[in-house]
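Residue-level listing of the chains:
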Amino acid sequence: MVRFKPKFSFVFIILMMSGWLCAQSTDLFRVEYSHLPENSSGITTSKYRVLANYPIKLKQDNYLFVGGEYNRFQVDFSKPFPFDTSGLEKFYIVDMNVGYLTNWNENWRFISIITPRMASNFTNGAQSDDFFFNATATLWKEASDADKPFRIVLGLTFNSTTGLPVPLPLVSYYKQFHPKWSYTLGTSKSNFKFQEKRHSIELALFLDGYFINVQDDIVLPDNQIGSKVSLSALITGLGYQYNITKQLRFYLIGGGTILQWGRLRNDKRQSTFLLNNESNQYFRTGIRFSLF
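Cut-offs and rules
- Residues numbered from 1 in each chain as written.
- Predicted model: local features only at pLDDT ≥ 70, side-chain atom pairs only at ≥ 80, totals over all residues.
- Heavy atoms only, no water.
- Patch = residues over 30% accessible without salt bridge, like charges linked within 9 Å, V, L, I, M, F, W, Y side chains within 5 Å.
- Areas by Shrake-Rupley, 256 points an atom, 1.4 Å probe, with all protein chains shown as cover.
- Salt bridge = Lys/Arg side-chain N within 4 Å of Asp/Glu carboxyl O.
- Lys, Arg positive; Asp, Glu negative; His and termini not counted.
- Charge placed at Lys NZ, Arg CZ, Asp CG, Glu CD.
- Helix = DSSP H or I, 4+ residues; strand = E, 2+ residues; numbered from the N terminus.
- Phe/Tyr/Trp six-rings, centres within 6.5 Å; stacked < 30°, edge-to-face > 60°.
- Buried < 20%, exposed > 50% of the residue type's maximum accessible area, 1.4 Å probe, protein only.
- Lys NZ or Arg CZ within 6 Å of the ring centre and 35° of its normal.
- Core = buried A, V, L, I, M, F, W, Y, C linked by side-chain atoms within 4.5 Å.
- Contact = heavy atoms within 4.5 Å.
- Pairing = 2+ DSSP bridges.

## Some words on a negative patch on the surface
On the surface, Glu38, Asp76, Asp84 and Glu89 cluster together into a patch of negative charge. Relative to the helices and strands, Asp76 is located in strand 3 (residues 62-77).

## Brief notes about the packing of aromatic side chains
In the structure shown here, the tally under the stated rule is 19 aromatic pairs. An angle of 85° between the planes, with centres 5.5 Å apart, marks the rings of Phe77 and Phe81 as edge-to-face. Taking relative accessible area as the criterion, Phe81 reaches 18% and is therefore assigned buried. Their ring planes at 45° and their centres at 5.9 Å tell us that Phe81 and Phe83 sit as a pair that is tilted. We classify Phe83 as buried; its relative accessible area is 10%. These aromatic residues form a ring-pair network of at least three members: Phe150, Tyr173, Phe177, Trp181, Tyr183, Phe192 and Phe194. Over the face of the ring belonging to Tyr174 we find Arg151, whose NZ or CZ atom lies 4.7 Å from the ring centre. A cation over a ring is seen here: Arg288 above Tyr251, with NZ or CZ 5.9 Å from the ring centre.

## A look at the nonpolar core
Where a protein is soluble and globular, its nonpolar side chains tend to be buried together. With 28 residues, the main nonpolar core has Phe83, Leu88, Phe91, Ile212, Val229 and Leu264 as its most contacted residues. Among the secondary structure elements, those contributing two or more residues to this core are strand 3, strand 4 (90-103), strand 11 (199-219), strand 12 (225-243) and strand 13 (248-265). Ranked by residues supplied to this core, first place goes to strand 11 with 7 residues. Those residues within four positions of Leu88 in sequence are excluded, and the remaining contacts are Val75, Phe77, Phe83, Val214, Ile218 and Leu264. Grouped together as the second largest cluster of nonpolar side chains are 7 residues, Leu101, Ile113, Trp140 and Val153 included.

## Topic: the pairing of strand 3
Examined bridge by bridge, strand 2 (residues 43-59) and strand 3 share 16 bridges and lie antiparallel to one another. Looking at strand 3, one finds that Tyr48 is bridged to Arg72. The hairpin formed by strand 2 and strand 3 contains 2 residues between the paired strands, and Gln60 there has a positive phi angle of roughly 50°. In terms of strand pairing, strand 3 meets strand 4 through 12 bridges, oriented antiparallel. Residue pairing in the sheet places Arg72 in a bridge with Tyr92 of strand 4.

## Some thoughts on the pairing of strand 1 (residues 27-36)
Relative to strand 15 (residues 281-290), strand 1 runs antiparallel, the two sharing 8 bridges. Paired with Phe29 across the bridge in strand 15 is Phe289. As judged from the 8 bridges shared by strand 1 and strand 2, these two strands associate in the antiparallel manner. Bridge assignment links Val31 to a residue of strand 2, and that residue is Val50. Linkage of strand 1 to strand 2, two consecutive antiparallel strands, is achieved through a turn of 6 residues, within which Gly42 is found at a positive phi near 80°.

Quick look at the structure:
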């Protein structure tokens with residue numbers, strides 16, 4: 001009979017679900033750079049990301065998790081648009097994560113996270129419209145000592161930046177079906193991975209994007225207003241990771257966007273102007289320190 005032995009470090013799979021993309025991570029610290037080069041729409045986007053997380057043991061197998069994440073976006077426009085784009089060139093996202101982990105029963109653990117967020121161009125300091133709130137509740141089970149280790153995450157996530165006033169399902173399933181081969185199927189990321197002691201290669205399909213407040217409303221040619229900016233992208237890519245030490249890793253991924261929409265939106269989150277819907281290349285690289 002398989003004995004389930006969850007490791008508390010897996011909570012970081014959930015802890016980093018502060019964005020609408022619900023990115024999966026087991027990182028204590030990460031520095032990352034990603035880039036969408038210019039395409040036919042004349043828009044280039046670069047993102048700089050730093051995150052840190054820290055677990056605090058309360059009693060037995062109960063943990064409190066605190067963390068934060070900082071994202072800076074640089075957007076360059078090489079072609080003219082029918083409005084002033086100066087307020088769309090720099091954006092910032094600042095998250096604070098607070099999570100709690102406890103045993104649900106012998107096999108399952110319960111994890112809850114709240115994530116206050118500030119997302120804005122901050123041209124006039126911080127304002128009330130810059131504030132967003134995200135929350136996640138999940139059940140998580142892992143069989144790390146099975147012949148074919150697996151992990152299941154099932155839950156609900158509420159994200160104020162999606163524009164949907166209801167919790168959305170969160171599902172992730174990981175299985176190592178061979179000593180060097182594994183796959184993950186999930187609502188935010190799926191991959192197929194080959195891994196050795198120092199090197200790993202993966203073929204991945206995942207979501208990326210943002211939803212950010214624009215403080216100085218943009219008046220569009222049809223008299224509509226752009227007060228929010230969003231990017232939604234479905235990305236496929238080939239990734240490589242090198243394990244510098246057991247916990248310190250260098251990684252990079254290159255690929256392209258299968259689907260991509262950059263939009264201006266009004267205060268009701270309705271689309272008012274399409275900035276970019278042309279697929280293009282995608283690159284990401286960084287260094288991370290993980291428990292796992």
